[in-house]
Amino acid sequence: MGTNRQELDNCLYGGNGGDGSMEYRQIRPEDAREYVEMMRSLDLETDMMMLEPGERKNDPEAAAAMIRESLAAGDFFLIAREGESMAGVLTAERGRCRRIRHAAYVVVGIRAGYRGRGIGTEMFKRLDAWAVSQEITRLELTVRKENKAAVHLYEKSGFVIEGLRKNSMRVGGVYADEYYMAKFIPQNEGA
């Protein structure tokens, strides 16, 4: 790539997007306490995330270690902030083995009060730029079938449904299905 690392980081993580009040940046280990609090709040606000309320550990030290490990592995770990509040997160964990190093698994969560403001769209634009810079050619995620807003965001961002995972979760004592979705990222061949 013809740009230096600082320029790439500024493009992917720096600055504001959309209406200018939202800051997007790479998470830092010192964000761990706020990150845990945001994720625990997400668990209370929606039943669309993996963990149920009270299931997530309230351990900022463990979260800081996880953040350091993720960043050292070259994963994408973007947060959205407005003022003093963490509004959302998007992570992409790249494959650790050589045969799947070209792929990354995506997880996204946006706090209820911030949804519908283009945060997810902006985060996925930055994810795409990271994927190209890291030679990631496949992004993948799972989403509950009934989560229409998320499915719409993912399809708008270029993801397609690859399959259905029947009864993959139990939510409130009821089985729920998930879509398996993926997006293919073209690379600049010979550039």
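For the structure, see preceding data.
Quick summary incoming for the structure in this document. (Residues numbered from 1 in each chain as written. Predicted model: local features only at pLDDT ≥ 70, side-chain atom pairs only at ≥ 80, totals over all residues. Heavy atoms only, no water.)

1. Some thoughts on helix α5 (residues 148-156)
Operational definition: Each residue's exposure class comes from its accessible area (1.4 Å probe, protein chains only) as a fraction of the maximum for that residue type: buried when under 20%, exposed when over 50%, partly exposed otherwise. Secondary structure follows DSSP: runs of H or I at least 4 residues long count as helices, runs of E at least 2 residues long count as strands, and numbering of each begins at the N terminus. By arc we mean the arc of the directions from the helix axis to the C-beta atoms, nothing more. By definition, residues are in contact when any of their heavy atoms lie within 4.5 Å.
Among all positions in α5, only Ala150, Val151, Leu153 and Tyr154 are buried. All buried residues of α5 lie within an arc of 160° about the axis, which places them on one face of the element. Across α5 from its buried face, at more than 90 degrees, point the exposed residues Lys148, Ala149, His152 and Lys156. Summarising the contacts, the buried residues of α5 are in contact with β5 (103-110), α4 (119-133), β6 (138-144) and β8 (174-184).

2. Topic: the pairing of strand β7 (residues 160-171)
Stated formally: Two strands qualify as a pair provided DSSP detects at least 2 bridges between them.
The pairing of β7 with β8 spans 8 bridges and is classified as antiparallel. Bridge pairing in β8 places valine 160 opposite alanine 182. Where β7 folds back on β8, the antiparallel hairpin that results is connected by 2 residues, among which glycine 172 adopts a positive phi of roughly 60°.

3. Quick look at the packing of helix α2 (residues 32-45) against helix α3 (residues 60-72)
Think of two packed helices as two axes; the pair is described by the angle between the axes and how far apart they sit. Put simply, the rule reads: A fitted line through C-alpha atoms represents every axis, and for helices the fit uses only the stretch in contact; the resulting angles, taken between N-to-C directions, go from 0 to 180 degrees. Each angle gets one of four labels, with under 35 degrees taken as roughly parallel, over 145 as roughly antiparallel, 65 to 115 as roughly perpendicular, and the rest as oblique. Each residue gets one of three labels, nonpolar for Ala, Val, Leu, Ile, Met, Phe, Trp, Tyr, Cys and Pro, charged for Asp, Glu, Lys and Arg, and polar for the others, Gly among them.
Look at α2 against α3: their axes get within 8 Å of each other, and the N-to-C directions meet at 105°. When the axes of α2 and α3 are compared, the pair comes out roughly perpendicular. Facing Ala32, Arg33, Tyr35 and Val36 of α2, the residues of α3 in contact are Pro60, Ala63, Ala64, Met66 and Ile67. When its residues are assigned to classes, the contact of α2 with α3 shows 8 nonpolar, no polar and 1 charged.

4. Remarks on the environment of isoleucine 119
Considering the arrangement of structural elements, one finds isoleucine 119 in helix α4. The exposure class assigned to isoleucine 119 is buried, which follows from its relative accessible area of 3%. Separated by 96 residues in the primary sequence, isoleucine 119 and glutamate 23 have C-alpha atoms spaced 9.9 Å apart. Apart from the residues lying within four places of it in its own chain, the contact partners of isoleucine 119 are Met22, Tyr24, Ala80, Ala87, Ile110 and Tyr114.

5. As for α2
Under the convention used in this document: A helix is expected to span 1.5 Å for every residue after the first.
Taking 1.5 Å as the rise per residue, α2 with 14 residues should run 20 Å; its terminal C-alpha atoms sit 20 Å apart, in good agreement. Along α2, the residues that are buried comprise Ala32, Tyr35, Val36, Met38, Met39, Leu42 and Asp43. Along α2, the residues classed as buried sweep out an arc of 165° about the axis, all on the same side. Turned more than 90 degrees off the buried face of α2, the exposed positions are Arg33 and Leu44. Those residues of α2 that are buried lie in contact with α3, β3 (76-82), β4 (85-94) and β5.

6. Some remarks on the packing of aromatic side chains
Rules: Put simply, two rings from Phe, Tyr or Trp (the six-membered ring, in Trp's case) pair if the centres are within 6.5 Å, and we call them stacked under 30 degrees between planes, edge-to-face over 60, tilted for the rest. Two conditions define a charge sitting above a ring: the NZ of Lys or the CZ of Arg must be within 6 Å of the ring centre, and it must be within 35 degrees of the ring normal.
Inspection of the entire model under this criterion finds 5 aromatic pairs. With centroids separated by 5.6 Å and ring planes inclined at 70°, the aromatic side chains of tyrosine 35 and phenylalanine 77 adopt a geometry described as edge-to-face. Taken together, the residues tyrosine 35 in helix α2 and phenylalanine 77 in strand β3 connect sequence positions 42 residues apart. For the pair shown, tyrosine 35 and phenylalanine 77 are each scored as buried. Put simply, the rings of Phe124, Tyr154 and Phe159 pair up and form one aromatic cluster. Directly above the ring of tyrosine 175 sits arginine 170, whose terminal nitrogen or CZ lies 4.8 Å from the centroid.

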